[in-house]
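# Overview (structure and organization)
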Amino acid sequence: MDGVSDQDIKCLQEAIYHEARGESFDGQLYVGFVIRNRVESKYFPDDFCKVIKEPWQFSYNHTLGSFDMVDKKAKELAYQAAYMVLTVDQVPISKHVLYYHSTSVKPKWDYEKIQEYAQIGNHIFYEDR
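Everything in this summary refers to the structure shown in the same document. These numbers were taken from a predicted model, which means no experiment stands behind them.

### Quick word on unusual backbone geometry
- Backbone geometry places W56, a non-glycine residue, at a positive phi of 65 degrees.
- You can see W56 is positioned in the loop between α3 (48–53) and α4 (60–63).
- On the basis of relative accessible area, W56 is assigned to the exposed category, the value being 63%.

### Brief notes about the side chain of D8
- For D8, the location among the structural elements is in helix α1 (residues 6–20).
- The charged side chain of D8 is buried without a salt bridge, its nearest counter-charge being K50 at 10 Å.
- Not counting residues up to four positions away in its chain, the partners in contact with D8 are G3, F48 and L86.

### Overview of the packing of aromatic side chains
- If you walk through the whole model with that rule in mind, you get nine aromatic pairs.
- Pairing Y30 with F125 gives two aromatic rings, centres 5.0 Å apart and planes at 65 degrees, and the pair type is edge-to-face. Of this pair, Y30 sits in helix α2 (residues 25–40) while F125 sits in strand β3 (residues 123–128), and the two are 95 residues apart along the sequence.
- A relative accessible area of 18% places Y30 in the buried class.
- Counting every residue linked through ring pairs, the aromatic cluster contains F44, Y99, W109, Y111 and Y126.
- One residue, R21, lies across the ring of Y17, its end atom 4.5 Å from the ring centre.
- Sitting over the ring of Y111, K106 keeps its end group 4.1 Å from the ring centre.

### Considerations on helix α5 (residues 72–87)
- Between the first and last C-alpha of α5 there are 22 Å, a value that for 16 residues agrees with the 22 Å anticipated at 1.5 Å per step.
- The set of residues buried in α5 consists of A74, A78, A81, A82, V85 and L86. The buried side chains of α5 occupy one side of the element, clustering within an arc of 125 degrees when seen end-on. Residues of α5 that are exposed and point more than 90 degrees away from the buried face comprise K72 and K73.
- On its buried face, α5 sits against α1, α2 and α3.
- The backbone nitrogen of K73 has a side-chain oxygen 3.2 Å away, supplied by the residue at the start of α5, namely D71.

What counts and what doesn't
- Residues numbered from 1 in each chain as written.
- Predicted model: local features only at pLDDT ≥ 70, side-chain atom pairs only at ≥ 80, totals over all residues.
- Heavy atoms only, no water.
- Helix = DSSP H or I, 4+ residues; strand = E, 2+ residues; numbered from the N terminus.
- Buried < 20%, exposed > 50% of the residue type's maximum accessible area, 1.4 Å probe, protein only.
- Lys, Arg positive; Asp, Glu negative; His and termini not counted.
- Salt bridge = Lys/Arg side-chain N within 4 Å of Asp/Glu carboxyl O.
- Contact = heavy atoms within 4.5 Å.
- Phe/Tyr/Trp six-rings, centres within 6.5 Å; stacked < 30°, edge-to-face > 60°.
- Lys NZ or Arg CZ within 6 Å of the ring centre and 35° of its normal.
- Expected span 1.5 Å × (residues − 1).
- Arc of directions from axis to C-beta.
- Polar contact = N/O pair within 3.5 Å; in protein donor to acceptor, adjacent residues only side chain to side chain.

Take a look at the structure:
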């Protein structure tokens, strides 16, 4: 991916930290690749920070009072995942994987238009049909 900025890494690290902290490294990568897929999709903004800050797209943006990353080990792991997501040439998941949610919730989505792609840890990932 060309033109990776410090801001892209910071936004993606924060999203991975808050959305997938405690998940396996693969689970954190999947969250990051969903965000990258959105950036590369014509249906979402073409900027990492804009995709992440879109209203009601990522739960931590509307449920947390603070975006501090206090767990240093988890912060470093999220940075490593973000860096890999931003610098790998080929995304190892389908480019149509644009959605995920925690297994603890059941969003009111149109499940006729998406299909389950994978479950990693506590997240289920979906691709467009």
